[in-house]
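Letter by letter, the chains look like this.
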Amino acid sequence: MSSSFQTVVDLDATAEDAVAHGARVAAWLVGEAIVELPQYGPGPRWERATGFREARGSEGLSVVTGRTVFFSPQHVGPPVCPHCAAVYGEGHREVFSAVMDAWWETGRADVSCPACERVVPLAAWEWAGDGFAFAYLGFEFRDGPALLPEFVTELGRLLGHRTRLVRGRI
Ligand SMILES: [Zn+2]
C-alpha cells in the first residue's frame, strides 16, 4: 500500500540552523496541542492542521533535517527561473540531474538560466507543480487529509522563512 506525504519545506533554513528552527516550531505545535509527544502524533487540537478532529489515518508529523531532496513523483513539472519566470525547456533533465548530484555532494550548485542568463543556485529554482525542493528542513505529515492552507501559511510565518509545500505518494 502506498502512503501519501505533505511536506512544508523551509527554503531558507541553513545546514547550521535547521535543527534549531525545526525544534522551535515542533515545540510550538506541541504547545498548541496540534501534535503530541512522544512521537508528534495528531493531538487534541489536530483540527487546526486539517479541519478534522480525528486523525483520519494521519500519522502526524516528522521533522526532517539535514540536506534533503524533497521530491514528489506525481507533481514534478519543469524548472522555472525565479528571476525571469522562463520555463527551462528541452534538456532540463540532463542538465539538472548532474547539478542535483553536485548539490547532494557539496550543498552548492548553480544552473544558468538560458533565457535571462543569470546564474541561479539550484535551491533557488522554482518548479512547476512544486515537485522539488532542495533544503535542510521539512515538516512532513504522512497520510491523512490535506493540510489547511492557513495552517501551512502559519508554519511559514512561525519559521519566518519562505516555504514550499511538496506533496505526493511514495
Ligand atoms: Zn531567467
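A. Just the environment of Ala102, in detail. Of note, Ala102 is situated in helix α3 (residues 92–106). Once the C-alpha coordinates of Ala102 and Ser72 are considered, the two residues, 30 residues apart in sequence, prove to be 20 Å apart.

B. Layout of the sheet that holds strand β10 (residues 163–169). Pairing within the open sheet is antiparallel, and its 4 strands lie in the order β4-β9-β1-β10. The sheet terminates laterally at β4 (61–71) and β10, the two strands that pair on one side only. When the angles between neighbouring strand axes are averaged without regard to direction, this sheet yields 30°. Across 6 bridges, strand β1 (residues 4–10) lies against strand β9 (residues 132–142) in antiparallel orientation. Opposite Phe5, over in β9, you have Arg142 as the bridge partner.

Thresholds applied
- Residues numbered from 1 in each chain as written.
- Predicted model: local features only at pLDDT ≥ 70, side-chain atom pairs only at ≥ 80, totals over all residues.
- Helix = DSSP H or I, 4+ residues; strand = E, 2+ residues; numbered from the N terminus.
- Pairing = 2+ DSSP bridges.
- Axes fitted to C-alpha atoms, helices over the stretch in contact; angles between N-to-C directions.

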